[in-house]
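These are the residues of each chain, in order.
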Amino acid sequence: MTSGARDGAVEVFEEHRRILLGLAYRLLGSMWDAEDVVQEAYLRWTNIDREQVREPRSFLVTVVTRLALDQLRSARASRESYTGPWLPEPVDARAFGPLDTAELRDTLSYATLHMMERLSPPERAVFVLREAFDLPYDEIAEILGSPSATCRQWHHRAVGRLADGRGRFTPATGDHTELLKRFLGAAQNGDVTALAELLAEDAIAYNDGGGKVRAALRPVVGRAKVLAFVAGLMSRYPLEEARLTEANGEPAIWTVIGGQRQLVTFGIRDGRIHEIFSILNPDKLSSIAPANTA
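Residues numbered from 1 in each chain as written. Predicted model: local features only at pLDDT ≥ 70, side-chain atom pairs only at ≥ 80, totals over all residues. Heavy atoms only, no water.

1. Some remarks on the nonpolar core
Condition: Note on terminology: a nonpolar core comprises buried Ala, Val, Leu, Ile, Met, Phe, Trp, Tyr and Cys residues joined through side-chain atoms within 4.5 Å. Categorising residues by exposure relies on relative accessible area from a 1.4 Å probe, with only protein chains included: less than 20% of the type maximum marks a residue as buried, more than 50% marks it as exposed, and the intermediate range marks it as partly exposed. Secondary structure counts use DSSP, requiring at least four H or I residues in a row for a helix and at least two E residues in a row for a strand, with both numbered from the N terminus. Contacts are assigned to residue pairs that have any heavy atoms within 4.5 Å of one another.
Judged by nonpolar contacts, the single largest core of 52 residues is most densely connected at Phe13, Leu23, Tyr25, Leu144 and Cys151. Contributing elements (two or more residues each) for this core: helix 1 (3–28), helix 2 (31–45), helix 3 (56–80), helix 4 (102–108), helix 5 (110–116), helix 6 (121–131), helix 7 (137–144) and helix 8 (148–163). If near-sequence neighbours (up to four positions away) are discounted, leucine 23 is found in contact with Val61, Val64, Thr65, Val128, Leu129 and Phe133. Ala186, Leu198, Val230 and Val264 belong to the second-largest nonpolar core, a separate cluster that totals 21 residues.

Have a look at this one:
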């Protein structure tokens, strides 16, 4: 390959890199794995006869999707044996470019990524390709090597499986931020009554320490138990830092409690907190480092 040809290949790939990274991340829930997939796609792109490629974006989306599916299938076993609840790796949404559609924002939201773990790999792929990137079923079928009718069924099944966990509306950023401010203030003040008003009756708290730091090994289920868990945490350990930040395109809380850094994100539906996701595993905080917080 000549120097000019390689430069041209690199330029084309870089034009699509952020889109490809966003696709891989939505499929895998891990920035580390997504970056590995995109790098492998880059190597394949620079080593093929590109004169045979009619549409670079379609080709690259196909390569990344297939690589990510292979990675996802192999990752499922390790996630099942993970110490405590496995949660997606939070990210700075700016890595993926503008979130200029509701679908791009929704499929990147932390709560949605967590729910997508209940989907099979093909269901997840169809859901992301259809919802986030608005690809037609015929194109999705070609990417996955499955009939279009089957892809429609996978999408229908995925939407059905996610329906129970997705709210009837997504709060505006200002409303989301205000709710988190109230939660943080109530937690800092030990105001159990105020906390109770913010939590749904079926609220769940997930804590991901990955076996590397101390964290609850099972989800804390139900408003009363979540309240007791939060109150106990705040009474036992000093709160050294707490500030609003942003993760996955939504407001979040960055805290240091008893020397332990963690990022806390929330699933909000109908104006109440239904899920609390606390990411303590230090390996999962590198993409959302304090330098990115505000």
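That covers the picture; the talk isn't over yet.
2. Quick word on the packing of aromatic side chains
Any aromatic ring pair is given by two values, namely how distant the centres are and how the planes are angled relative to each other. Our working definition: Centres within 6.5 Å are what make two rings of Phe, Tyr or Trp a pair, Trp counting through its six-membered ring; a difference in plane orientation under 30 degrees is then read as stacked, over 60 as edge-to-face, and the rest as tilted.
Inspection of the entire model under this criterion finds six aromatic pairs. Between phenylalanine 13 and tyrosine 42, the ring centres sit 5.2 Å apart and the planes meet at 70 degrees, which makes this aromatic pair edge-to-face. Of this pair, phenylalanine 13 sits in helix 1 while tyrosine 42 sits in helix 2, placing them 29 residues apart in sequence. For phenylalanine 13, a relative accessible area of 0% puts it in the buried group. Seen in terms of ring centroids, tyrosine 206 and phenylalanine 277 are 5.5 Å apart; in terms of plane orientation they differ by 10 degrees. Their pairing is stacked. Placement of the pair is tyrosine 206 in strand 1 (residues 199–208) and phenylalanine 277 in strand 6 (residues 272–279), with a sequence separation of 71 residues. Under the relative-accessibility criterion, tyrosine 206 is labelled buried at 14%. For phenylalanine 277, a relative accessible area of 1% corresponds to the buried category.

3. Points about the environment of glutamate 40
Counting through the fold element by element, glutamate 40 comes out in helix 2. Residue class for glutamate 40 comes out partly exposed when judged on its relative accessible area of 33%.

4. Observations concerning the sheet that holds strand 5 (residues 260–269)
Put simply, the rule reads: We call two strands paired when DSSP finds no fewer than two bridges between them. Between N-to-C directions, angles cover 0 to 180 degrees, with each direction set by a line fitted to C-alpha atoms, over the stretch in contact for helices.
Across the sheet, which stays open at both edges, the six strands sit in the order 2-1-6-5-4-3 with mixed pairing between neighbours. Looking at strand neighbours, the two that pair on one side only are strand 2 (220–221) and strand 3 (239–247), the edges of this open sheet. The strands touched by helix 11 (residues 223–236) within the sheet are strand 1, strand 2, strand 3, strand 4 (250–257) and strand 6, with strand 1 carrying the most contacts at an inclination of about 50 degrees.

5. A look at the layout of surface pockets
In plain terms, the rule: Put plainly, a pocket is an open set of points on a 1 Å grid over the protein atoms alone with protein on both sides within 12 Å along at least five of seven lines, a cavity is a set where a 1.4 Å probe fits but cannot get out, and a lining residue has an atom within 4 Å of a point. Grid points are joined across faces, edges and corners, and a volume is the space filled by probe spheres set on the points. Charged residues are taken to be Asp, Glu, Lys and Arg, nonpolar residues to be Ala, Val, Leu, Ile, Met, Phe, Trp, Tyr, Cys and Pro, and polar residues to be all remaining types, Gly included.
What the largest pocket holds in volume is close to 600 Å³. When contributions to the lining of the largest pocket are tallied by element, the ones reaching two or more residues are helix 9 (173–189), strand 1, helix 11, strand 4, strand 5 and strand 6. Tallying contributions element by element places helix 11 first for the lining of the largest pocket, with six residues. Here the lining of the largest pocket is composed, by residue class, of 18 nonpolar, seven polar and two charged.

6. Here's the deal with the confidence of the model for the protein
We apply this condition: pLDDT measures how confident the predictor is about each residue, on a scale from 0 to 100.
Summing up the model confidence of the protein, the mean pLDDT is 91 and the portion of residues at 70 or higher is 93%. By mean pLDDT, the top-scoring element of the protein is strand 2 (98), and the lowest-scoring one is helix 1 (88).

7. Re helix 3
The following threshold applies: To estimate the expected span of a helix, count its residues, drop one, and scale the result by 1.5 Å. The bend at a residue is defined as the angle formed between two axes, one fitted to the seven residues ending at that residue and one fitted to the seven starting there. Whenever a nitrogen or oxygen atom comes within 3.5 Å of another N or O atom, the pair is scored as a polar contact, on the condition that within protein one atom can donate a hydrogen and the other can accept it, and that pairs from neighbouring residues in sequence are kept only if both atoms are in side chains.
With 25 residues, helix 3 extends 36 Å between its outermost C-alpha atoms, agreeing within 8% with the 36 Å of an ideal straight helix rising 1.5 Å per residue. Of all the bends in helix 3, the largest measures some 30 degrees and sits at serine 74. When helix 3 is considered as a whole, its buried residues turn out to be Leu60, Val61, Thr62, Val63, Val64, Thr65, Leu67, Ala68, Leu69, Leu72, Ala75 and Arg79. For helix 3, the capping residue at the N-terminal end is glutamate 55, with a side-chain oxygen 3.2 Å from the backbone nitrogen of arginine 57.

8. Focus: the environment of arginine 73
Mapping arginine 73 onto the fold places it in helix 3. Along the primary structure arginine 73 and proline 122 are separated by 49 residues, whereas in three dimensions their C-alpha atoms are 9.8 Å apart. With residues near it in sequence (within four places) discarded, arginine 73 still touches Pro121 and Pro122.

9. Quick word on unusual backbone geometry
Notably, aspartate 134 is not glycine yet its phi reads approximately 55 degrees, a positive angle. When you line up the elements, aspartate 134 lands in the loop between helix 6 and helix 7. Take aspartate 134: its relative accessible area is 60%, and that puts it in the exposed class. A positive phi angle is found at asparagine 248, which is not glycine, with a value near 55 degrees. The topology assignment puts asparagine 248 in the loop between strand 3 and strand 4.

10. Observations regarding the side chain of arginine 269
Inspection of the secondary structure puts arginine 269 in strand 5. Here arginine 269 falls in the buried class, since its relative accessible area comes to 12%. Engagement of the side chain of arginine 269 in a polar contact is seen with the side chain of histidine 274, the distance being 2.8 Å. Reaching out from arginine 269, the side chain makes a polar contact with the side chain of glutamate 275 at a distance of 2.9 Å.

11. Section: the packing of helix 6 against helix 7
Quick reminder of the rule: In this scheme, roughly parallel covers angles under 35 degrees and roughly antiparallel covers those over 145, while 65 to 115 is roughly perpendicular and the rest are oblique. Handedness of a crossing follows from how the near helix is turned relative to the far one, being left-handed for an anticlockwise turn of less than a right angle and right-handed for a clockwise one.
Running from amino to carboxyl end, helix 6 crosses helix 7 at an angle of 140 degrees, the nearest separation of the two axes being 10 Å. The angle between helix 6 and helix 7 places the two elements in the oblique class. Of the two elements, helix 6 crosses helix 7, and the hand of that crossing is right-handed. Taking contact as the criterion, the partners of Pro122, Ala125, Val126, Leu129 and Arg130 in helix 6 are, on helix 7, Tyr137, Ile140, Ile143 and Leu144. Residue composition of the contact of helix 6 with helix 7, by class: eight nonpolar, no polar and one charged.

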